[in-house]
Structures are given as structure tokens and as C-alpha cells.
Amino acid sequence: MKPEIQNHPYPSGGTIRQLRPSDAGHFRDHLLRLDAVSRRDRFNGAASAAFIEAYAERCFSQGTTVVGFVEADGTVHGAAELHERPELEDTGEIAFSVEAHLQHRGIGRRLFRRLLGHAHALGYTRLLVTTHPQNEAMKRLARSFSAKLTFSDGETVGLIELDSDSSDGDFPFAAAPGARIAHYAD
Ligand SMILES: CC(C)(COP(=O)(O)OP(=O)(O)OC[C@H]1O[C@@H](n2cnc3c(N)ncnc32)[C@H](O)[C@@H]1OP(=O)(O)O)[C@@H](O)C(=O)NCCC(=O)NCCS
């Protein structure tokens, strides 16, 4: 039976929006603030502060789409990233992070939905997500989009297939739940 997870109300402050170049430092600081478990889940293993600093800088210098949960003072406490995977046709890789004190409040779901809109607008039809099979939050997040994310032993990459039936670039977010996630074998 599915264990009951206590969800708290969505925080009243904060905005979900695409991060600007000037938000780069806040994005880096958000990743650095992740607690040890979230950091490991986010980077699928150990990640030093130096690695994270370089990683955050690369995201902005390489044109990664980053959507954030941004407080009024500009601090970022949650993020969804969309990285291009140019070696794979029309494929992006996505990643999510929400700081522990704000998890279970619906921020991850909102970031996911917004990122799907960006992915569609950029013409991606497939999105990869890498995590470990025990990441219950990520599996639940995927399911909340009526998607099925299945991992086999030791395999940690899932595939989200986006419908590309809207050729005018208009992607109503309500359509996001139709995104399908399937097992990806590399
Ligand atoms: C994955 C993550 C982004 C989810 O963010 P969030 O803001 O807590 O997500 P939401 O509040 O929108 O909840 C989404 C679902 O996850 C569930 N969930 C959230 N945290 C959970 C946890 N620690 N354990 C189990 N389920 C959890 C919620 O109950 C909800 O499920 P439901 O729709 O069945 O009720 C967040 O847990 C996180 O940053 N984890 C560390 C990094 C990571 O694992 N990233 C994913 C791989 S890149």
C-alpha cells in the first residue's frame, strides 16, 4: 500500500519563474544549501562544494534553462533544470531540487509543470531524468503527472515522452499531465 506522506500548504511567498543571468549566484547558493541527502539525490552521488559551484556556473554559461522558486528578496529555494542532450535527437535532461524545509509543499510539482512548458516550447519531445530507484519523491512527482516511472535494479534513467501534437508552440500546462514517462534503457 502507498505510504501516506504528509504534504503541507504551498508557501504563500515566492514565485515560480525562469531564472535570469543575474540569478546565477542565487541558483548556486540554493544548490549549496541542499542538505546531504537532497544533494546526493540531486546529483546522484557525492558532490563537493567546488563541484557544485562549477556546475552552477556552467548551467548559465551553457544556456541551460533553469526555472526557480524565487523569494521576494531574490533568493532561490527550488529549481528545475533543462539541459540539452545534443547527441540525442530532440532530447533534454531534467533535474529538480527543493530545499528540505520547503519540500512536500507542491513546489516540485509546480516546477515540473513549468519546465514541461519550456521543454515543449523548445521543441523537445523526450526528456531524461536521472535518479536512483529509491527516490520516492521523484517517483511520486512523476506519478502526479499521470506518468509512470519504472526503474530496474541498478538502472537510474527514466524517459518522459512529450506529445508534440501542438505545432504552434502553444503548450497549455493542463496538457502536461498527458506526458508519458517510460523506462529508458541506455
Ligand atoms: C524531488 C523533489 C524536487 C520534490 O520536490 P517537492 O517540492 O517536495 O515535491 P512536491 O511537494 O511537489 O511533491 C511531489 C510528490 O513527492 C512526494 N514527496 C515529496 N518529498 C518526499 C519525500 N521526501 N519522500 C517521499 N515522497 C515525497 C509528495 O508527497 C508528492 O507526492 P504525491 O503527489 O503523491 O502527494 C525534492 O524532494 C528534492 O529536491 N529532492 C532532492 C533532489 C532530488 O531528488 N531531485 C530529483 C532527481 S534530479
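One can find the structure itself at the top, above this paragraph.
Owing to the predicted nature of the structure, the values given are computational and were not obtained by experimental measurement. (Residues numbered from 1 in each chain as written. Predicted model: local features only at pLDDT ≥ 70, side-chain atom pairs only at ≥ 80, totals over all residues.)

A short note on the site of the ligand
Close to the ligand lie 24 residues; D41, Q103, G108, A137 and R140 are nearest. Looking at the shell around the ligand, the elements with two or more residues in it are α2 (36-43), β4 (91-98), α4 (107-121) and α5 (136-143). The element contributing the most residues to the shell around the ligand is α5, with five residues. Across the shell around the ligand, the residue classes break down as eight nonpolar, ten polar and six charged. (Near = placed C-beta within 6 Å. Helix = DSSP H or I, 4+ residues; strand = E, 2+ residues; numbered from the N terminus. Nonpolar A, V, L, I, M, F, W, Y, C, P; charged D, E, K, R; others polar.)

Notes on the pairing of strand β6 (residues 157-161)
Taking every second residue as pointing to the same face, the buried face of β6 carries G158 and I160, while none of V157, L159 and E161 on the other face is buried. The pairing of strand β5 (residues 126-130) with β6 spans five bridges and is antiparallel. If you follow V129 over to β6, its bridge partner there is G158. (Buried ≥ 20, exposed ≤ 12 C-beta atoms within 10 Å, placed from the backbone. Pairing = 2+ DSSP bridges.)

A word on the nonpolar core
Judged by nonpolar contacts, the single largest core of 29 residues is most densely connected at A80, L111 and L115. No other element matches α4, which puts six residues into this core. (Core = buried A, V, L, I, M, F, W, Y, C linked by C-beta atoms within 7 Å.)

Comments concerning the pairing of strand β3 (residues 76-84)
Counting buried positions along β3 gives seven out of nine residues, so the element sits mostly inside the fold. Counted between consecutive antiparallel strands, the loop separating strand β2 (residues 65-70) from β3 contains five residues, among which G74 sits at a positive phi close to 95°. Where β3 lies against β4, seven bridges are found, and the strand directions are antiparallel. Of the residues in β4, the one forming a bridge with A80 is F96. The hairpin turn running from β3 into β4, its antiparallel successor, is six residues long, and D90 in that turn takes a positive phi close to 50°.

Points about unusual backbone geometry
Of note, the phi angle at N44 is positive, near 55°, even though the residue is not glycine. Here the phi dihedral of D90 falls at roughly 50°; this positive angle occurs in a residue that is not glycine. Relative to the helices and strands, D90 is located in the loop between β3 and β4.

Examining the environment of D73
Structurally, D73 is set in the loop between β2 and β3. A sequence separation of 59 residues divides D73 from G14, and the C-alpha atoms of the two residues are 9.2 Å apart.

Considerations on the packing of helix α1 (residues 24-33) against helix α3 (residues 49-61)
Each pair of packed helices can be summarised by the angle the axes make with each other and by the distance between the axes. Between α1 and α3, the shortest axis-to-axis distance is 9 Å and the interhelical angle comes to 145°. By crossing handedness, the relation of α1 to α3 is classed as right-handed. Contact residues: α1 offers A24, F27, R28, L31 and L32, while α3 offers A49, I52, E53, A56 and F60. Among the residues making up the contact of α1 with α3, the classes are represented as eight nonpolar, no polar and two charged. (Axes fitted to C-alpha atoms, helices over the stretch in contact; angles between N-to-C directions. Left-handed = near helix turned anticlockwise from the far one by under 90°. Contact = placed C-beta atoms within 7 Å.)

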